[in-house]
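Residue-level structural notes
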Amino acid sequence: MTATRLLTGLALAAAAVLSAVSLPPAAQAAQVTAPADTGAAAPATVWGPRYSPGRGAKASGSLRATGEDHADIPAAETVRISGRVQDLTRASSTCGLAVFRITYRTPGGDLPFTHRTVRDCSYGTPKSFTFDHHDVYQVELKVCSEARSAQPSINCLYAGTWKVLYLSR
């Protein structure tokens, strides 16, 4: 077993322990990320399955960060997130959502964030997705199950805890 795989396994084990313990998200994030080689493609990190409260939706997938820059504010050049989201309710009026909060570095050094939502409204048929984002500092996930709408609800975005999938170091 290589040192990187061992560290990745230890980081995943630490993430499991931390998700059971109530720690601030910043403390969880500091413990979850495994080290990656600068400039080299790190192996994809598998995440999930993650469920919404009440288990009405499920999401799982992988994340690969490439080209980490360890400047004043470290960031990955590109992060590719792939996976599947699935609505687990039989009600035709509900959808399963995987909401990603992506914090990125601007040329001025600021760290704003954006949301990327993947929605599945068909029971029993998971929706696959893949997308890239550049200059990424952190990726967080929240899985929700709620009524069909154009955007995730305020409750989905602000209630509960975001799960850290990636944090540049």
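The structure reproduced in this document is the subject of the present report. Note that this is a predicted model, so its numbers are computed, not measured.

1. So, the overall build of the chain
- Counting its secondary structure elements, the chain contains three helices and seven strands.
- Helices and strands appear in the chain in the N-to-C order α-α-β-β-β-β-β-β-α-β.
- The buried share of the chain, reckoned over its 169 residues, is 37%.
- Carbon and sulfur atoms make up 54% of the accessible area of the chain, which amounts to about 9,100 Å² in all.

2. Quick notes on unusual backbone geometry
- Going from Gly48 to Pro49, the amide bond is cis rather than trans, its omega being 5°.
- Within the secondary structure layout, Pro49 lies in strand β1 (residues 45–51).
- Look at Arg55: it is not a glycine, yet its phi comes out positive at around 55°.
- Within the fold, Arg55 resides in the loop between β1 and β2 (57–69).
- Taking the relative accessible area as the measure of exposure, Arg55 reaches 53% and is therefore exposed.

3. Notes on the pattern of salt bridges
- Scanning the model with the defined rule gives three salt bridges in all.
- The shortest N-O distance in the salt bridge between Asp69 and Arg105 comes to 2.9 Å. Taken together, the residues span a long stretch of sequence, with Asp69 in strand β2 and Arg105 in the loop between β4 (94–104) and β5 (113–120) at a distance of 36 residues.
- Its relative accessible area of 16% is what places Arg105 among the buried residues.

4. Things to note about the layout of surface pockets
- Of the volumes computed, that of the second largest pocket is approximately 300 Å³.
- Ser52, Pro53, Lys142, Val143 and Ala159 are, among the 16 residues lining the second largest pocket, the residues nearest its centre.
- Contributions of two or more residues to the lining of the second largest pocket are made by β1, β6 (127–147) and α3 (154–158).

5. Some details on the side chain of Thr78
- Within the element layout of this structure, Thr78 appears in strand β3 (residues 75–87).
- Polar side-chain contacts of Thr78 include one of 3.1 Å to the side chain of His134.
- If we skip the residues at most four places from it in the chain, Thr78 touches Arg64, Ala65, Thr66, Asp132, His133 and His134.

6. Thoughts on the environment of Val99
- Tracing the sequence through the fold places Val99 in strand β4.
- Between the alpha carbons of Val99 and Leu141 there is a distance of 5.7 Å; along the sequence they are 42 residues apart.
- Not counting chain neighbours up to four residues away, the residues in contact with Val99 comprise His115, Arg116, Thr117, Glu140, Leu141, Lys142, Pro152, Cys156, Leu157 and Trp162.

7. Points about the environment of Thr161
- Locating Thr161 in the fold gives a position in the loop between α3 and β7 (163–167).
- Sequence separation between Thr161 and Glu140 is 21 residues; the distance between their C-alpha atoms is 9.6 Å.

How each quantity is defined
- Residues numbered from 1 in each chain as written.
- Predicted model: local features only at pLDDT ≥ 70, side-chain atom pairs only at ≥ 80, totals over all residues.
- Heavy atoms only, no water.
- Helix = DSSP H or I, 4+ residues; strand = E, 2+ residues; numbered from the N terminus.
- Buried < 20%, exposed > 50% of the residue type's maximum accessible area, 1.4 Å probe, protein only.
- Areas by Shrake-Rupley, 256 points an atom, 1.4 Å probe, with all protein chains shown as cover.
- Salt bridge = Lys/Arg side-chain N within 4 Å of Asp/Glu carboxyl O.
- 1 Å grid on protein atoms, 1.4 Å probe; cavity = no way out; pocket = protein on both sides within 12 Å on 5 of 7 lines; lining within 4 Å.
- Points joined across faces, edges and corners; volume = space filled by probe spheres on them.
- Polar contact = N/O pair within 3.5 Å; in protein donor to acceptor, adjacent residues only side chain to side chain.
- Contact = heavy atoms within 4.5 Å.

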